Each structure stands twice: as structure tokens, then as C-alpha cells.
Amino acid sequence: MGNNITGRLGLAMAAAGVAGLLAGSVQADGMELKLADRLPQDHYIARYATNYWIEEVEKATDGAVTIKRYPSQQLGKSKDMLTLTEAGVVDMGEYVPGYLGDKMPLSSVAELPGMVPSACAASLAYQELAAPGGFLDENELKPLGIRLLYVVGLPPYQLFTSKTVEGLDSLSGLKIRSTGAAMDSGLRQLDIVPIRMSAAELTESYSRGTVDGTAFPAASIFSYDLQKQTKFATKDLSFGSSMTFYGISQKVWDKLSPEVQKAMVEAGKKTTLRACELIDKDDAAALERLQSDGATLVTFDAANRKAFMERLEPVAEEWAKGVDQKGRPGSEALEKFRSAVDANS
């Protein structure tokens, strides 16, 4: 325990040091805010959402607010984003519940297999529940000192592998990158070995054979240059998904003028809708591109598809019970998220 405490203190001190180097967010000509994420500069989420949101805010405030983005984990890893925000290293960050362990268990409901039919259904459902006053805001974001800015939910994940995939039995024993506990449960039900790592770590692990593949949205295969290793890809299944949201420190938010706050909220709503529509459009196109590049697209026959769904059926309820047992409202989160998805599908 002593080492863990020492490690956290060390991280906080290092963060405070970096914050000092990057301090001075109020410039002579206005305010500069720092935004950090794990994504490469030209990642599609950056193009569809983050860069767009930054431009919209800066335009709406006539340049009184500028936002500097630090991509590719330049200021710290995704798993440390909450610590970096609390320490003031960043004013805003990208928060991926699956990377944050037990700190955001309720938000990981979106990772469950079969939970979301599209990026827009996922994004709008999460936005509804995580907006100020919503269920996820009250039970998760607000206690952590984070306020939602915008959401990027992803389509149902398919499986992309270097190993042959033909049907359900062929999945047994595959080592597949996972984003968190919810996805882990689904993969294990299929006799797959889940290996947790961030997307930034995946490229090297895939090329070295540390993992046989990943459960991913199709477009991300090209964003991380994984198409050369990908020989097989599934179609029309759901191995889970992921929810990424961008938030701002409540302490920073409280210092902003009402005009700036309004600009950020309005830009956030536009960004969420714009991004999910573009992502849904890209998903099918990316699978077609993979096929044209030589990958085999695998569609399960009726028997394999039925068996696939039956294997995954208990995962959501088991996830909810597990969260409940830790003293968090997992069953309520599952019910509310399902209802929100249905209402936004």
C-alpha cells in the first residue's frame, strides 16, 4: 500500500510540476485552455469531433478563448487523465471509461456486447445520461469533478484478426485486445482471451503477435495502421463498443463566463451529433476498404450467429450484478442506458 501511495503522490507532484510549466492560461489577449487526449493528430475522432469543437468554441467566442490540443498522450496516459485533470496539468481531457478502471464503472455499460446498434444511438444515449443533472453525471462525473462537453460513442465492434476466423468455434483461444471489464466478460464468454491495453499500445502488440487481433470499430483499423496485419474481419456482430467523452474540470468551468459556457455547451451538442453521423457513415465504408485490400470479411451463418448471441446473453446482467455488489447502481445504469439507446435509435 505504501508504494501505491508513494506512486500516486509522485504522479501528482510530477503533474503539478508540468502544470507549472504550462501555466499562464490567461493570456494578454484572452484565455488559453489545455485539452489532452490519446488520439493521433489526424485520427477520425479528432477530425470529426475534437478539432471541430475547438474551432466552434473559438469562433463563437471571437477568439477570446483559445484551446490548445495535446494529442497522442503527450501530457500523460489515458489511464491517468483524471489525475492530470485534478492536478491542473490539463483543463479538459478525453475520458475513456474502460481505461479508468473502477473510477467510471457505470459508464462502461456502453462497452457491453450487443448494447448499441450504432454510433449515434450510443452517443445520444450517453449524452442524455451524462449531461448535468443526468443519472451518470450525478453518480459518476460530478463526484469526480468533471463536466461533460461532448460525446463520441462508437458503432458495434467487429473482430479483426491475423488468425483465421470461420465461425464461433474458431474464436476459441484467440488473444484479443480489450478496452475494459465489460468487454472482457463478453470475450471470455466466447472463449477468447482478453488482453487489456490502450489503442496506442495496440499497433506494436499486433505486429509482434502479442495479440492476435482486436475488437474495434472498422475505421480505427486504418487510423492505427493495422490493415496490413488484419487478415480476417467479422461483419454484423457486436463484440462490444466504447464510449469516449470529452470533459472539463468543474473548477475550470466555474471560472468561465456564462457566455463562454454557453458557447461550449452549444458546440458540444453540435459536435456529438456531427461526429456520430460521420462515424456511422464511415463504418461500412471501412469494412469495404479492408476487403478491397485483401482481408476476408466473415459473416456468421444462422446457426453460428444464434450460438454467438446465446453465449453473450448473460453478460449484461452479470456485469450489472458485479457493479451492484461494489456498492454502485449497476442494474439501474443498465436499465437507464438500454432505455436511452431505444429512445435514440
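Please refer to the structure placed before this passage.
Described below are features of the structure shown in this document. If you're wondering where the values come from, they're calculated on a predicted model, not measured in any experiment.

Moving on to the overall build of the chain. Of regular secondary structure, the chain possesses 13 helices and twelve strands. Computed over its C-alpha atoms, the radius of gyration of the chain comes to 20 Å, within 12% of the 20 Å expected for a compact globule of 345 residues. By principal-axis analysis of the C-alpha atoms, the chain measures approximately 65 × 45 × 45 Å. By residue count, 54% of the 345 residues in the chain fall in the buried class. Restricting to contacts in the chain with at least 6 residues of sequence separation, those with at least 24 account for 75%. Element-wise, carbon and sulfur atoms account for 49% of the exposed surface of the chain, whose accessible area totals about 15,100 Å². The averaged location of the 45 negative side-chain charges in the chain is 3 Å from the averaged location of its 37 positive side-chain charges.

Angle between the axes and distance between the axes: these two values describe a pair of packed helices. Taken N-terminus to C-terminus, the directions of helix α12 (residues 315-325) and helix α13 (residues 330-344) make an angle of 135 degrees; their axes are 7 Å apart at the nearest point. Our classification of the angle between α12 and α13 gives oblique. Together, Ala-316, Glu-317, Trp-319, Ala-320, Val-323 and Asp-324 of α12 and Gly-330, Ser-331, Ala-333, Leu-334 and Arg-338 of α13 make up the contact between the two elements. Per-class residue counts for the contact of α12 with α13 are six nonpolar, two polar and three charged.

Moving on to the state of the cysteines. Applying the stated criterion across every chain yields a total of one disulfide. The disulfide bridge from Cys-120 ends at Cys-276, spanning 2.0 Å between sulfur atoms. Between Cys-120 and Cys-276, the S-S dihedral sits near 85 degrees, and the bridge is therefore right-handed. With Cys-120 in helix α4 (residues 119-130) and Cys-276 in helix α10 (residues 258-292), the pair connects residues that are 156 residues apart, well separated along the chain. By relative accessible area, Cys-276 is classed as buried at 1%.

So, on to the environment of Asn-344. Within the secondary structure, Asn-344 is located in helix α13. Residue class for Asn-344 comes out partly exposed when judged on its relative accessible area of 24%. Residues Asn-344 and Lys-59, spaced 285 residues apart in sequence, show a C-alpha to C-alpha distance of 29 Å. Filtering out sequence-adjacent residues up to four positions away, Asn-344 remains in contact with Ala-121, Leu-124, Ala-125 and Glu-128. A distance of 3.3 Å separates polar atoms of two side chains, one belonging to Asn-344 and the other to Glu-128.

Below, the discussion takes up the sheet that holds strand β8 (residues 193-196). Pairing is mixed in the open sheet, where six strands are placed in the order β8-β7-β9-β6-β10-β12. The strands lining the two open edges of the sheet, one partner per strand, are β8 and β12 (296-298). Neighbour-to-neighbour, the strand axes of the sheet open up by a mean angle of 25 degrees, direction not taken into account. Pairing geometry for strand β7 (residues 175-178) and strand β9 (residues 213-216), over two bridges, is parallel.

Right, let's talk about the nonpolar core for a bit. Counting 112 residues, the largest nonpolar core has Trp-53, Tyr-126, Phe-239, Met-264 and Phe-337 as the members making the most contacts within it. Counting residues per element, this core draws most heavily on α10, which supplies nine residues. In contact with Trp-53, not counting residues within four places along its chain, are Leu-35, Ile-67, Met-92, Leu-149, Tyr-150, Met-264, Ala-267, Gly-268 and Thr-271.

Let us now look at the side chain of Glu-56. Tracing the backbone through its elements, the reader meets Glu-56 in helix α2 (residues 44-60). With a relative accessible area of 12%, Glu-56 lands in the buried category. With residues up to four places along the chain from it excluded, the contact list for Glu-56 reads Ala-267 and Lys-270.

Taking 1.5 Å of rise per residue, the 35 residues of α10 would be expected to cover 51 Å, and the 50 Å separating its terminal C-alpha atoms lies within 8% of that figure. Along α10, the helix axis deviates most sharply at Asp-283, where the bend reaches about 30 degrees. Looking one or two residues beyond α10, the residue adopting positive phi is Gly-294, at roughly 115 degrees.

Quick notes on the rules
Residues numbered from 1 in each chain as written. Predicted model: local features only at pLDDT ≥ 70, side-chain atom pairs only at ≥ 80, totals over all residues. Heavy atoms only, no water. Helix = DSSP H or I, 4+ residues; strand = E, 2+ residues; numbered from the N terminus. Rg over C-alpha atoms; globule rule 2.2 N^0.38 Å. Buried < 20%, exposed > 50% of the residue type's maximum accessible area, 1.4 Å probe, protein only. Contact = heavy atoms within 4.5 Å. Areas by Shrake-Rupley, 256 points an atom, 1.4 Å probe, with all protein chains shown as cover. Lys, Arg positive; Asp, Glu negative; His and termini not counted. Charge placed at Lys NZ, Arg CZ, Asp CG, Glu CD. Axes fitted to C-alpha atoms, helices over the stretch in contact; angles between N-to-C directions. Parallel < 35°, antiparallel > 145°, perpendicular 65-115°, else oblique. Nonpolar A, V, L, I, M, F, W, Y, C, P; charged D, E, K, R; others polar. Disulfide = S-S within 2.5 Å. Polar contact = N/O pair within 3.5 Å; in protein donor to acceptor, adjacent residues only side chain to side chain. Pairing = 2+ DSSP bridges. Core = buried A, V, L, I, M, F, W, Y, C linked by side-chain atoms within 4.5 Å. Expected span 1.5 Å × (residues − 1). Bend = angle between axes of the 7 residues up to and from the residue.

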